[in-house]
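For reference, the chains in residue letters:
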Amino acid sequence: MVNFKELGLVNTRDMFAKAIKGGYAIPAFNFNNMEQLQAIIKASAETKSPVILQVSKGARNYANQTLLRYMAQGAVEYAKELGWEKPQIVLHLDHGDSFELCKSCVDFGFSSVMIDASHLPYEENIALTKKVVDYAHQYDVTVEAELGVLAGVEDEVSSAVSHYTKPEEVVDFATRTGCDSLAISIGTSHGAYKFTPEQCTRDPKTGKLVPPPLAFDVLDAIMEQLPGFPIVLHGSSSVPQEYVDMINATGGKLPDAVGIPEEQLRKASESAVCKINIDSDSRLAFTAAVRKVFTEKPGEFDPRKYCGPARDLMEELYKHKIVNVLGSNGKAE
Ligand SMILES: [Zn+2]
């Protein structure tokens, strides 16, 4: 058993309270490997932004949980080396699907866990979430829960259709579970294909898909029910067209990939939405950079020569999100 405080990590409690007051959101970036972690930490340290390092169940299986824990600890030390005196870094389990998985992460040094029982009937969601909260809170680990269902595919989480969160349920749910934050469904979606062409309109000039707007009326109704309560948005990549174009121009095949426009995420950041999850954009940046090197230099076989540019492009992406979309820069001096 190791407590997150021994690793130099923090939980989300103060971070979220400040973000809601300040009208910005904390970036939650998923990571699976060293290059992603380096890019996240460099971007956060240079912009002095609090940051949530997210690990999905799939990432945990891919990278090994022991290694991940030491990587997070290493990330804190690396941040200090980069001149960030008091790094505010959270290690968070994304989409925990059982009590056992959440417990294991709490015991392994995570400072925050998500229990996603949103696919279960309402009362079962409450019971499982409460069980995780009761355990995690003994160790001061914060818990994110979910109400409503997001469409899309993310590792082992997938659903064909979305069901918006019902505002009339949120007070009962938050009170009875004791969760610290709530992931809601208002039209964001997992993956790089967030909407089908039928759900979108097409820009007559560019021929590109224009996605439907997020349901800000549902968000407003939830905030009215739970004033000041931390709200989380999953599936909030924007699927930058430049990366999609880079991938398609170098032999890739991502037709009609579409994400959430950044203006909408900026607007959400200014509300009680205090955590925004971004994963697909970093996957796209990595893939675009690697493809570019392979296309331009077919003889290259040193992984540093293609993972390095991928890391640089991801760092640029993370900084852009922090400064231009979430507004969390300078909030962790
Ligand atoms: Zn998610």
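Look above for the structure.
A few points on the structure. (Residues numbered from 1 in each chain as written. Predicted model: local features only at pLDDT ≥ 70, side-chain atom pairs only at ≥ 80, totals over all residues.)

**Some words on the overall build of the chain**
Then, in step 1: Scanning the chain for helices and strands turns up 12 helices and 13 strands.
Then, in step 2: Whereas a compact globule of 333 residues would reach a radius of gyration of roughly 20 Å, the chain reaches 19 Å, a difference of no more than 12%.
Then, in step 3: Projected onto the principal axes, the alpha-carbon positions of the chain cover approximately 60 × 50 × 35 Å.
Then, in step 4: Out of the 333 residues in the chain, the part that is buried amounts to 50%. (Helix = DSSP H or I, 4+ residues; strand = E, 2+ residues; numbered from the N terminus. Rg over C-alpha atoms; globule rule 2.2 N^0.38 Å. Buried ≥ 20, exposed ≤ 12 C-beta atoms within 10 Å, placed from the backbone.)

**Some details on the pairing of strand 4 (residues 112-115)**
Then, in step 1: Residue alternation in strand 4 divides its side chains into two sets, S112 and M114 and V113 and I115, and both sets are buried.
Then, in step 2: For the segment spanning strand 3 (residues 89-96), helix 5 (residues 99-107) and strand 4, crossover handedness is right-handed.
Then, in step 3: Bridge count for strand 4 against strand 5 (residues 142-147) is four bridges, and the pairing is parallel. Within the sheet, the bridge partner assigned to S112 lies in strand 5 and is T142.
Then, in step 4: Read from strand 4 through helix 6 (residues 122-137) to strand 5, the crossover connection turns out right-handed. (Right-handed = clockwise from strand over helix to strand, strands pointing away. Pairing = 2+ DSSP bridges.)

**A short note on the environment of C105**
Then, in step 1: Residue position: C105 is located in helix 5.
Then, in step 2: Residue classification places C105 among the buried positions, given that 27 C-beta atoms sit within 10 Å.
Then, in step 3: Sequence separation between C105 and V2 is 103 residues; the distance between their C-alpha atoms is 9.8 Å.
Then, in step 4: Dropping the residues within four chain positions of it, C105 is found in contact with L93, G96, F110 and V113. (Contact = placed C-beta atoms within 7 Å.)

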